[in-house]
Structure formats: structure tokens, C-alpha cells
Amino acid sequence: MHLTATTQFGLEELLADELYDLGADITHVGSRAVEFIGDQQLMYRTVLWSRLAMRLLRPFAAFYAPDEKALYREVGRIDWQDYLGPGQTFAITAVVHKSTFEHSLFVAQLTKDAIVDQFRARTGERPSVDVRNPDVRLHLRMLENEVILSMDAAGDSLHRRGYRQATNDAPLNEVLAAGLVLLSGWDGKKPLLDPLCGSATILTEAGMMAQRIAPGLFHQGKFGFENWYDFDADLWQTLREEAQSLRIEEPQAYLAGSDLDPKVIEQAALNIEAAGLDECIRLSVRDVKDAVPPANQPPGVIITNPPYGERIGEEAQMAGLYKTIGDTLKTNFQGYDAFVFTGNLEAAKSIGLKTARRIPLFNGPIDCRLLKYELYQGSKRKPGPADLTP
């Protein structure tokens, strides 16, 4: 079957690599999406194991719709009893770009009308719409009036892993957090630290990688494909049991995070425990200026997502925070690679270190950069053991 996995901007190549490793035949890597070919087992594995896919779509119809009548007519030509039972609920997610239709909600409503009208005319009954928790979620993408209709295999965004019990004011999307870890090149063995860890999403995603935990195991309720006519319950159970057996219990890497707010650390601890990683991740209440590398550990990686300071009047405060981050990295973490993910590029200048890489990404609608800093001791010599003393 032909499948499309969507992701966030900047993570497309990583997603293609991930899908290839799962057994996919990649056919196209586009903007925020990867198209590939695979069987039912691969579709189930992707939903279970992908750390970078937001949605997994199974296209089943394509047509051109220059106007409202054409859209209603073409949707009505599809035999919807192949995809929906009269007793099932459904919802439509529509995305519209560069088309004569201005509003995605209108496109979704018109598509819904065509589906419901067909059922009513053929059976006298109609499936109900449930926008929050439908049995079947359909995805409509319209680009320049070319329409692709797909079944959503997950039914909900795959970034909602299910382990989050509590979050701070600006939680990092789980898929994006996983992407930051993979973009850093972390090997799953070296120490990984986050001195501004918030709800610990970066550390949790890293821990799941190190311990070989499938993110789909935490999903609450059914996935979308479990309500499809061709759902293979035995195959799905076999793959879930396989994933559970692959988990590594013994901690594989030193993972630690800290934050100045004790309440935030309490929230982070709840999330880490829900992910089954409370034996793998250390947390502490600490100001970023007091962050030090762990004793008796080789140099590792720092990945952090400091506040951006979006409120008016926070410019000086943010500049001070980012200067403190830079001073701490420069003074205490020689030999480490540090990655700062931020949407405040002006404040990031206050870090005062030369960037080795600047990777464009988005955090929701915010244009961001993942900034890499190689923390040498003085010149570009390799640090010795004495350099690691706090």
C-alpha cells in the first residue's frame, strides 16, 4: 500500500531514515512529509515505533475539484461503505493550500455532507460526526484544487504519546523533542543533560530511545486502524508483544535534568514515571548557573530549550538568561557538545559562543533554530581528565 507520514519542518530526512530502517520503500521526501510503500505490518510498526511521524495516512482517492459542485460530486462518487459503517463515527481533517477554496473548515463540511448524503440515500441511515474521538478519521489535502483523501491510521497525532501527566506553560512537542535528540547525533550511551528541562520531554524521548521503548505502547485508547474493516488483531497483538519484549530495563546512559522551579520538577517526575523511566533519569532543582557535569562520566551532550520571552518587556531578562547559559557552558562543560533550541535569536546572541551549526526548525508557528556549540577547553585541543572537574 502507498502511505504518507507527516512530520515537522526540518525532520523530513530523519523521518525517511527511520521509516527505511523499519522496512519502508521510500518514494518521495517532501516538505513535512515522506511518501513510502509498505504492507499492513509496516503500517502497524510505523504507528508503534515512529518517533518522528505526526500522522500516518493511507491515501485512497485523488481528484480535481475546481469548485464546490465538483468537490461534492467527486466525494459522492466514492463508495463510502468500503471505509465507513453506518454505526461508526467519523471526522474530517482538511488542509487547503493555494486553492480557490479559502477555508479548510468549509471544505471539511462540504465533504462531510457528501458522505452523509450518500449513506442516507442508500441505507436510510447516516454515520455520525465525532470531531473529538471518531472511529474513523479522514484526512483531506487540497493543493491548487488537487484533492487527496486518506484514512488516518493513527486517528490522532502521534506526538501525543500518552505519558504526559503534567506540563509547564510551553511544553515541547514530543516529536520535536525526539527530533532534537536525533539531530544532535547523540549515540544513546554518552551522558545527556538538560539544565532547563521543564517537563522533561527531551530527556523522556532520549530515555525511550536508549531503553528501546516503542512510543506507540503508551497510546491511550484505540489507534485509527483498529476500527478499519481490514484490521488484523492477531498481527497487531504480535507486534505489540514483540515491542514490549525489546525494551531494555538496565539504564543505558546517564540522563539528568534540572530546573529552578520545584513545581516544574515535580511535573517532570510524573511524566518520567509514566514513561517507565524513573530509574533512568535524574532530576534536581537547580539554577542553570549552578549546572555542572556529572562526576565520573565522560563528556556528553547538552540539549536544552530555554524560554523565548514572548511577553513585552522581557528582552533584558532573556538576554541575561542566555548570557548565563553561555557562561555556564563555557566554564563548566568543556568537551561537551551543547545544543540550544530557541525561538529568540536576538537573545541567543548573548550566549557569546561561536555556533558550529544552525538548524532551522519550527516550534508550532515560531521560527526557531537549533544552535550547536562545540565546547573546547581554550583552543581546539581535546580535553583531558582534569578539564572535567567541576
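Residues numbered from 1 in each chain as written. Predicted model: local features only at pLDDT ≥ 70, side-chain atom pairs only at ≥ 80, totals over all residues. Heavy atoms only, no water.

The name an unreviewed UniProt entry gives the protein chain is THUMP domain-containing protein, with Hymenobacter aranciens as the organism.

Student: Lay out the overall build of the protein chain with the relevant residues and their values.
Tutor: What the protein chain contains, in helices and strands, is ten helices and 15 strands. Relative to the 2.2 N^0.38 estimate, which gives 21 Å for 390 residues, the radius of gyration of the protein chain is 23 Å and therefore close to what a compact globule would have. Based on the C-alpha atoms only, the size of the protein chain along its principal axes is roughly 80 × 50 × 40 Å. In the protein chain, which comprises 390 residues, the share counted as buried stands at 51%. Counting only contacts in the protein chain whose residues sit at least 6 apart along the sequence, the fraction spanning at least 24 positions is 76%. In the structure as shown, the protein chain presents an accessible area of about 18500 Å², 48% of it carried by carbon and sulfur atoms. (Helix = DSSP H or I, 4+ residues; strand = E, 2+ residues; numbered from the N terminus. Rg over C-alpha atoms; globule rule 2.2 N^0.38 Å. Buried < 20%, exposed > 50% of the residue type's maximum accessible area, 1.4 Å probe, protein only. Contact = heavy atoms within 4.5 Å. Areas by Shrake-Rupley, 256 points an atom, 1.4 Å probe, with all protein chains shown as cover.)

Student: Outline unusual backbone geometry, supporting the account with residue identities and numerical values.
Tutor: For residues besides glycine, phi is generally negative; the peptide bonds are generally trans as well. Positioned with a positive phi, R32 is a non-glycine residue whose angle comes to about 65°. Examined against the element boundaries, R32 turns out to sit in the loop between β2 (25-30) and β3 (33-37). Judged by its relative accessible area of 39%, R32 is partly exposed.

Student: Let's hear about the UniProt feature "domain: THUMP" (unreviewed entry) in the protein chain: which residues, and what values?
Tutor: What UniProt calls "domain: THUMP" (unreviewed entry) maps, in this numbering, to residues 42-153. For residues 42-153, helix accounts for 33% and strand for 32%, while the C-alpha atoms at its two ends are 12 Å apart. (UniProt positions renumbered as here; feature names shortened; annotations may be inferred.)

Student: Go over the sheet that holds strand β6 (residues 128-129), please, and point to the residues and values.
Tutor: On the basis of which strands lie adjacent, the open sheet formed by eight strands has the order β2-β3-β1-β4-β8-β7-β5-β6 and mixed pairing. Strands at the two margins of the open sheet, each flanked by one partner only, are β2 and β6. As paired strands, strand β4 (residues 55-64) and strand β8 (residues 146-152) are joined by seven bridges and run antiparallel to one another. Among the inter-strand pairings, R58 is bridged to a residue of β8, identified as M151. Contacts between helix α1 (residues 12-22) and the sheet are confined to β1 (2-6), β2 and β3, with β2 contributing the most and set at about 170° to the helix. Those strands touched by helix α2 (residues 40-49) are β1, β3 and β4, and its axis lies near 125° from that of β4. (Pairing = 2+ DSSP bridges. Axes fitted to C-alpha atoms, helices over the stretch in contact; angles between N-to-C directions.)

Student: How would you sum up the sheet that holds strand β11 (residues 281-285)? Please name residues and give values.
Tutor: Taken together, the seven strands give an open sheet; going across it, the order is β11-β10-β9-β12-β13-β15-β14, and neighbouring strands pair in mixed fashion. Both outer strands of the open sheet, β11 and β14 (357-363), are each paired with one neighbouring strand and no more. Within the sheet, the average angular offset between the axes of one strand and its neighbour, ignoring direction, is 20°. Bridge count for strand β10 (residues 255-259) against β11 is five bridges, and the pairing is parallel. In the strand pairing of β11, G257 is matched with L283. Against the sheet, helix α5 (residues 174-184) makes contact with β9 (192-194), β12 (301-304), β13 (337-342), β14 and β15 (366-374), and its axis sits at roughly 170° relative to β14, the strand it touches most. Helix α6 (residues 201-210) contacts β9, β10, β11 and β12 of the sheet and is inclined by roughly 170° relative to β10.

Student: Quick rundown of helix α8 (residues 262-274)? Include the residues and the values.
Tutor: Under the 1.5 Å per step criterion, the end-to-end length of α8 is 19 Å for 13 residues, consistent within 8% with the ideal 18 Å. Those residues of α8 lying buried are V264, I265, A268, N271 and I272. Down the axis, α8 shows its buried residues gathered within 120° of arc, on one side only. Seen from the open side of α8, the exposed residues pointing more than 90 degrees away from its buried face are K263, E266 and E273. In this fold, the buried residues of α8 make contact with α6, β10 and β11. For α8, the N-terminal capping position is held by D261, with its side-chain oxygen 2.9 Å away from the main-chain nitrogen of K263. Within two residues after α8, G276 carries a phi angle of roughly 75°, on the positive side. (Expected span 1.5 Å × (residues − 1). Arc of directions from axis to C-beta. Polar contact = N/O pair within 3.5 Å; in protein donor to acceptor, adjacent residues only side chain to side chain.)

Student: Would you mind going over the packing of α2 against helix α7 (residues 233-246) in detail, with residue names and values included?
Tutor: Packing of α2 against α7 brings their axes to within 10 Å, and their N-to-C directions diverge by 45°. Viewed along their axes, α2 and α7 adopt a mutual orientation that is oblique. Our pair here, α2 against α7, has a crossing hand that is right-handed. Side by side, α2 and α7 meet where Q40, Q41, Y44, R45, L48 and W49 of the first sit next to L235, W236, L239, R240, E242, A243 and L246 of the second. Here the contact of α2 with α7 is built from residues that sort into eight nonpolar, two polar and three charged. (Parallel < 35°, antiparallel > 145°, perpendicular 65-115°, else oblique. Left-handed = near helix turned anticlockwise from the far one by under 90°. Nonpolar A, V, L, I, M, F, W, Y, C, P; charged D, E, K, R; others polar.)

Student: Quick one: what's the story with the side chain of R369, residue by residue and with numbers?
Tutor: With respect to the secondary-structure elements, R369 resides in strand β15. In this structure the side chain of R369 is engaged in a polar contact, spanning 2.8 Å, whose partner is the side chain of D367. Not counting the four nearest positions on each side in its chain, R369 is found in contact with V340, F341, T342, L345, R358, I359 and P360.

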